[in-house]
Amino acid sequence: MTGKILITGGTGFVGTHLRSVLDERGIDYFSFSQKQYDLTVRDQAEAVFRANSDAEIIVHLAGY
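Anyway, here's the lowdown on the structure attached to this text. (Residues numbered from 1 in each chain as written. Predicted model: local features only at pLDDT ≥ 70, side-chain atom pairs only at ≥ 80, totals over all residues. Heavy atoms only, no water.)

Looking at the pairing of strand S1 (residues 5–8)
The line we're drawing: Buried, partly exposed and exposed residues are distinguished by accessible area as a fraction of the type maximum, computed with a 1.4 Å probe on protein chains only: under 20%, between the cut-offs, and over 50%, respectively. Where helices and strands are cited, they refer to DSSP runs of H or I of at least four residues and of E of at least two residues respectively, numbered from the N terminus. Paired strands are those between which DSSP finds at least two bridges. When the strands point away from the viewer, a crossover counts as right-handed if the route from the first strand across the helix to the second turns clockwise.
A two-sided burial pattern is seen for S1, the buried positions comprising Ile 5 and Ile 7 on one face and Leu 6 and Thr 8 on the other. In the sheet, S1 pairs with strand S2 (residues 29–31) via three bridges, with the strands oriented parallel. Directly across from Ile 7, in S2, lies its bridge partner Ser 31. A crossover connection joins S1 to the parallel S2 through helix H1 (residues 13–25); in handedness this β-α-β unit is right-handed. Looking at chain direction, S1 and strand S3 (residues 57–60) are connected through four bridges and run parallel. Counterpart to Leu 6 in the pairing with S3 is Ile 58.

Below, the structure written as structure tokens:
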């Protein structure tokens, strides 16, 4: 079993489906919306990665 996963774009189409699979398998993850952390704002991007520094895997799905 792996440690925590950080998912950027976790509220989008692919991210939502990934979260469903992780929930089914009991895998710990953190995802967020752009309203919570806007990755285009440096301070917010740094804050989300600092708050989740224990994540062993980052799945980057955020985009326009």
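Additional details are given in the paragraphs that follow.
Structural notes on the nonpolar core
The cut-off we apply is this: As used here, the term nonpolar core means buried Ala, Val, Leu, Ile, Met, Phe, Trp, Tyr and Cys residues forming a set that is joined through side-chain atoms within 4.5 Å. What makes two residues a contact is simply this: any of their non-hydrogen atoms within 4.5 Å.
If you look at the biggest cluster of nonpolar residues, it comprises five residues: Ile 5, Ile 7, Leu 22, Ile 27 and Tyr 29. With sequence-adjacent residues up to four places away left out, Ile 7 is seen in contact with Leu 18, Arg 19, Leu 22, Tyr 29, Phe 30, Ser 31, Phe 32, Val 59 and Leu 61.

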